[in-house]
Amino acid sequence: MILTDRLRSIGAGVRLWFTPARVREEGTTPDYRFSLANERTFLAWLRTGLALVGGGFAVDQFLPRLHDVLRVTFTVVLLVGGALCAVRAVNHWVRCERAMRRGEDLPASRFPAVLAVAVGLLAAAMVVLVAIGWTR
Amino acid sequence: MAGSLPREQPRPVRDPGLQPERTRLAWRRTTLSCTLVAILAGRQVVQQHGPGPVVVVAGALVLLVWLAFLAAAHLRMRAMCAGRPPVLSTRTALALAGCVCALAVLGAAILL
């Protein structure tokens, strides 16, 4: 039940991405400075995604002696994480824009915390693996 | 008293918080990040011994995605020159996020 509600809200969110006119006709246009701040946040998330994608390349190029399976795992995790960040950037930007137009609270999200924990764990794992020399 | 200040002229309102400038710089940082990723991808393609056709095509596509990213960012920065910048269009936002996703997929094609 909770799952279907969640899926429905995700579906509504995705539809919103492709119907910008519907966002525009709701509520009132906020101060353009708030929209620009929202845009900068969007760009910061995009950069986070790009950094993760770059990290995927870096694992492959700068840890050549890491075991193949581990290297592929780290690379895939980082690349997928980068793509997720980009998708999340659009989603959050649209939802913030809509909330500002309606005068609602900005949407809360646990994505930053999850990302921070994931990046921390990944970094710790890499340090340990390189330190114990689990290489080919 | 240090004399009278020059009378304020009615000028186009300029945001004292420099929001458009800050946003333009954020765009610059973002294109720089994208350029770095494209360079890392190019380095990977060049350094492989006898890269296969998939890798070469993926490398060429990375170049195209990078150019698309720069073009979208350039258009947005141009639009920002207006006194009251329009809201970022959803299409541009989706295009940029699509570029990042494409880079991730092409990266997988090059690396794996």
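None of these values were measured; they are calculated from a predicted model.

A. Just the overall build of chain A, in detail. Helix and strand content of chain A: 5 helices and 0 strands. Across chain A, the fraction of contacts at a sequence separation of at least 24, relative to all contacts at a separation of at least 6, is 75%.

B. Main features of the environment of Val100(B). With respect to the helices and strands, the residue Val100(B) is situated in helix 3 (residues 90-111). In sequence terms Val100(B) and Val65(B) are 35 residues apart; their C-alpha atoms lie 8.6 Å from each other. Ignoring any residue separated from it by four or fewer positions in sequence, one finds Val100(B) in contact with Leu46(A), Gly49(A), Leu50(A), Val53(A), Gly82(A), Ala86(A) and Phe69(B).

C. Quick peek at the pattern of salt bridges. Evaluation of the coordinates by the stated rule reveals 5 salt bridges over all chains. In this structure, Arg76(B) and Glu39(A) form a salt bridge, with 2.6 Å as the shortest nitrogen-oxygen distance. Here Glu39(A) lies in helix 3 (residues 32-62) and Arg76(B) lies in helix 2 (residues 53-79), a pairing that spans two chains. In terms of burial, Arg76(B) and Glu39(A) fall into one category: buried. The salt bridge involving Arg71(A) is made with Asp60(A); its shortest N-O contact spans 3.3 Å. Pair noted here: Arg71(A) is in helix 4 (residues 68-102) and Asp60(A) is in helix 3, with a separation of 11 residues, a long-range link. When sorted by exposure, Arg71(A) lands in the same class as Asp60(A), which is buried. Each of Asp60(A), Asp68(A) and Arg71(A) takes part in a single network of salt bridges with overlapping partners.

D. Quick look at the UniProt feature "transmembrane region" (unreviewed entry) in chain A. Using the residue numbers shown here, the UniProt feature "transmembrane region" (unreviewed entry) corresponds to residues 42-63, 69-90 and 111-134 of chain A. Taken end to end, residues 42-63 of chain A is 95% helix and 0% strand, and its first and last C-alpha atoms sit 31 Å apart.

E. Region of interest: the packing of aromatic side chains. All names here are of chain A. Within the structure shown, the criterion is met by 2 aromatic pairs over all chains. Plain terms: the ring middles of Phe42 and Trp93 are 6.0 Å apart, the flat faces sit at 45° to each other, and that makes the pair tilted. Here Phe42 is found in helix 3, whereas its partner Trp93 is found in helix 4, with 51 residues between them in sequence. Accessibility classification places Phe42 together with Trp93 in one group, the buried group. Taking the centre distance of 5.5 Å and the plane angle of 70° together, the rings of Trp45 and Phe111 count as edge-to-face. One end of the pair, Trp45, is in helix 3; the other, Phe111, is in helix 5 (residues 111-131), with 66 residues separating them in the sequence. A residue is classified by how much of its surface remains accessible, and Trp45, at 15% relative accessible area, is buried. The ring of Trp45 is capped by Arg88, whose NZ or CZ atom sits 4.5 Å from the centre of that ring.

F. Molecular detail of the interface of chain A and chain B. On the chain B side, the residues contacting the 35 residues of chain A number 38 residues. Between chain A and chain B, a total of about 3400 Å² is buried, with carbon and sulfur atoms accounting for 73% of that surface. For the chain A face of the interface with chain B, the top three residues by lost area are Tyr32(A), Leu50(A) and Phe57(A), together amounting to 21%. Secondary-structure elements contributing two or more residues to the side of chain A that touches chain B are helix 1 (2-18), helix 2 (20-24), helix 3 and helix 4 of chain A. With 19 residues, the single largest contributor to the side of chain A that touches chain B is helix 3 of chain A. Split by residue class, the side of chain A that touches chain B holds 21 nonpolar, 7 polar and 7 charged.

G. Highlighting a nonpolar patch on the surface. Residues and elements named next belong to chain A. Residues Leu3, Leu7, Ile10, Val14 and Phe18 make up a contiguous nonpolar surface patch of roughly 520 Å² in combined accessible area. Assignment of secondary structure puts Val14 in helix 1. Classification of Val14 by relative accessible area gives partly exposed; the value is 31%.

What counts and what doesn't
Residues numbered from 1 in each chain as written. Chains lettered and ligands numbered in written order. Predicted model: local features only at pLDDT ≥ 70, side-chain atom pairs only at ≥ 80, totals over all residues. Heavy atoms only, no water. Helix = DSSP H or I, 4+ residues; strand = E, 2+ residues; numbered from the N terminus. Contact = heavy atoms within 4.5 Å. Salt bridge = Lys/Arg side-chain N within 4 Å of Asp/Glu carboxyl O. Buried < 20%, exposed > 50% of the residue type's maximum accessible area, 1.4 Å probe, protein only. UniProt positions renumbered as here; feature names shortened; annotations may be inferred. Phe/Tyr/Trp six-rings, centres within 6.5 Å; stacked < 30°, edge-to-face > 60°. Lys NZ or Arg CZ within 6 Å of the ring centre and 35° of its normal. Buried area = accessible area lost by both parts, 1.4 Å probe. Nonpolar A, V, L, I, M, F, W, Y, C, P; charged D, E, K, R; others polar. Patch = residues over 30% accessible without salt bridge, like charges linked within 9 Å, V, L, I, M, F, W, Y side chains within 5 Å. Areas by Shrake-Rupley, 256 points an atom, 1.4 Å probe, with all protein chains shown as cover.

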